Amino acid sequence: MTMKVPTGCLFTHIIRGGGKKIAYQNAGVDCAFVGALSSGFCNWRIDFTYADTNNTTYRTSRGRTHPECKIDPVRNNSPQTLPRYGKACAHLYVNGVRRVSQCHHITK
């Protein structure tokens, strides 16, 4: 039996908590097989943004820019309680350009 194995990289964003309380938040890149053989992501940063139910961003936690190349960039964010419902997003920037985002809706 022949099977194709997925290759490449995935951007992951994990949030744990309840209601408006975020107990744990992490975002990063996971690469597999051929994707893991690349030189990685250079001059990268991960930002977290928070928006209300009208999609208006009210808070941004900007990550620091890492000048090195890394195959598995990752960032954690501090626990917090959001002032309103809406969404929490993580964004990966490479050389100052947003490459990918992932969001979670924060609802009652």
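Notes on the structure follow.

### Notes on the packing of aromatic side chains
- Counting across every chain of the model gives zero aromatic pairs.
- R45 extends its terminal NZ or CZ atom over the ring of Y93, reaching a point 3.9 Å from the ring centre.
- In this structure, R59 is placed above the aromatic ring of Y50, and the distance from its NZ or CZ to the ring centre is 6.0 Å.

### Things to note about the side chain of R75
- Its location among the elements puts R75 in strand β6 (residues 74-77).
- Within the buried core, R75 has no salt-bridge partner, and the shortest N-O distance to an opposite charge, that of D47, equals 4.9 Å.
- Here the side chain of R75 touches I46 through a polar contact of 2.8 Å, landing on its backbone oxygen.
- At 2.7 Å, the side chain of R75 forms a polar contact with the side chain of S61.
- Once residues within four sequence positions are removed from consideration, R75 is found in contact with Q25, N26, A27, I46, D47, F48, S61, R62 and G63.

### Some details on the state of the cysteines
- Tallied over the full model, the rule gives three disulfides.
- A disulfide bridge connects C89 with C103, and the sulfur atoms are separated by 2.0 Å. Between C89 and C103, the disulfide has an S-S torsion of 105° and is therefore right-handed. Of this pair, C89 sits in strand β8 (residues 86-94) while C103 sits in strand β9 (residues 97-106), and the two are 14 residues apart along the sequence.
- The class for C89 is buried, based on a relative accessible area of 4%.
- Going through the protein chain in sequence order and numbering each bonded cysteine, the pairs you get are 1-2, 3-4, 5-6.

Basis of the calculations
- Residues numbered from 1 in each chain as written.
- Predicted model: local features only at pLDDT ≥ 70, side-chain atom pairs only at ≥ 80, totals over all residues.
- Heavy atoms only, no water.
- Phe/Tyr/Trp six-rings, centres within 6.5 Å; stacked < 30°, edge-to-face > 60°.
- Lys NZ or Arg CZ within 6 Å of the ring centre and 35° of its normal.
- Helix = DSSP H or I, 4+ residues; strand = E, 2+ residues; numbered from the N terminus.
- Buried < 20%, exposed > 50% of the residue type's maximum accessible area, 1.4 Å probe, protein only.
- Lys, Arg positive; Asp, Glu negative; His and termini not counted.
- Salt bridge = Lys/Arg side-chain N within 4 Å of Asp/Glu carboxyl O.
- Polar contact = N/O pair within 3.5 Å; in protein donor to acceptor, adjacent residues only side chain to side chain.
- Contact = heavy atoms within 4.5 Å.
- Disulfide = S-S within 2.5 Å.

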